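If you want the building blocks of each chain, they are given just below.
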Amino acid sequence: MVLEHLPLADAIASATARRLFPLVEREDLIQVAREALVRSAPRCRAGEPAEPYLRRCITGALQHHLRDRVRLVRVPRRLHEQGHCPLRHLSLDASCDGEPCLLDQLPSPEPEPALSEAIHGLALEQLVDQLPAAQATALRLTVLDGLSLRAAAERLEISAMSVMRAQKKAIAALRQQLSGGG
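A short tour of the structure in this document, coming up.

Cut-offs and rules
- Residues numbered from 1 in each chain as written.
- Predicted model: local features only at pLDDT ≥ 70, side-chain atom pairs only at ≥ 80, totals over all residues.
- Heavy atoms only, no water.
- Axes fitted to C-alpha atoms, helices over the stretch in contact; angles between N-to-C directions.
- Helix = DSSP H or I, 4+ residues; strand = E, 2+ residues; numbered from the N terminus.
- Parallel < 35°, antiparallel > 145°, perpendicular 65-115°, else oblique.
- Contact = heavy atoms within 4.5 Å.
- Nonpolar A, V, L, I, M, F, W, Y, C, P; charged D, E, K, R; others polar.
- Patch = residues over 30% accessible without salt bridge, like charges linked within 9 Å, V, L, I, M, F, W, Y side chains within 5 Å.
- Areas by Shrake-Rupley, 256 points an atom, 1.4 Å probe, with all protein chains shown as cover.
- Salt bridge = Lys/Arg side-chain N within 4 Å of Asp/Glu carboxyl O.
- Core = buried A, V, L, I, M, F, W, Y, C linked by side-chain atoms within 4.5 Å.
- Buried < 20%, exposed > 50% of the residue type's maximum accessible area, 1.4 Å probe, protein only.

## Digging into the packing of helix α8 (residues 149–156) against helix α9 (residues 160–178)
Two quantities define a packed helix pair, namely the angle between the helix axes and the distance between the axes. At a minimum axis distance of 8 Å, the contact between α8 and α9 shows a crossing angle of 105°. Here α8 lies roughly perpendicular to α9, going by the angle between them. Seen from α8, the contacting residues are L149, R150, A152, A153 and L156; seen from α9, they are A160, V163, M164 and Q167. Class assignment for the residues of the contact of α8 with α9 results in seven nonpolar, one polar and one charged.

Written out as structure tokens, the structure is:
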């Protein structure tokens, strides 16, 4: 079975190598694909076509290899430590000519006054209060209280889909109110 499906493994590996040409070696991917073929061939079920199963196993092994062992954007370590990048930008955390790094030179954002936050929060609460009860509750639980859809659904004893629908209707109504349409 392995010899019969060897061209399949090589074809999948070659296609992946062509897609990622300068970043990966074709021979490395062929080796990974063939290893996956050898490991997965004994697990094929009798009476079922083997090719779809083997294709999934080989593709998965190649994806794991690329994720775990291949840096898809290669920057030489020496250049990275100096703050230079071949992608024509300068790293924000690299210092240049004894100057502090660019990240340290950026101004920090001005904090908003606490009174402004309180006014915005109060205005938002007033808008939410104008919504139908189900929509207001769904919005409070998911957005303001930070609960997941599932947790809000459990608390309200309804489905997560119902919470999501109520949340979407509430957000649409708030948008309409804020835009002056309602």
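That shown, we press on.
## Examining a nonpolar patch on the surface
Side chains of L124, V143, L144 and I171 sit close together on the surface and give an oily, nonpolar patch of about 280 Å² of accessible area. Here L124 shows up in helix α6 (residues 114–129).

## Quick look at the nonpolar core
Formed by 21 residues in total, the largest nonpolar core has its most connected members in V24, L29, A33, L54, I58, L62 and L66. Within the residue set of this core, elements represented by two or more residues are α1 (6–19), α2 (26–40) and α3 (50–69). Within the second largest apolar cluster, seven residues are counted, among which are L127, V128, A136 and A170.

## Focus on the environment of L37
Tracing the chain through its elements places L37 in helix α2. Taking relative accessible area as the criterion, L37 reaches 0% and is therefore assigned buried. Sequence separation between L37 and H5 is 32 residues; the distance between their C-alpha atoms is 7.8 Å. Look past the residues within four positions of L37 in its chain and what remains in contact with it is V2, H5, L6, A9, L54 and I58.

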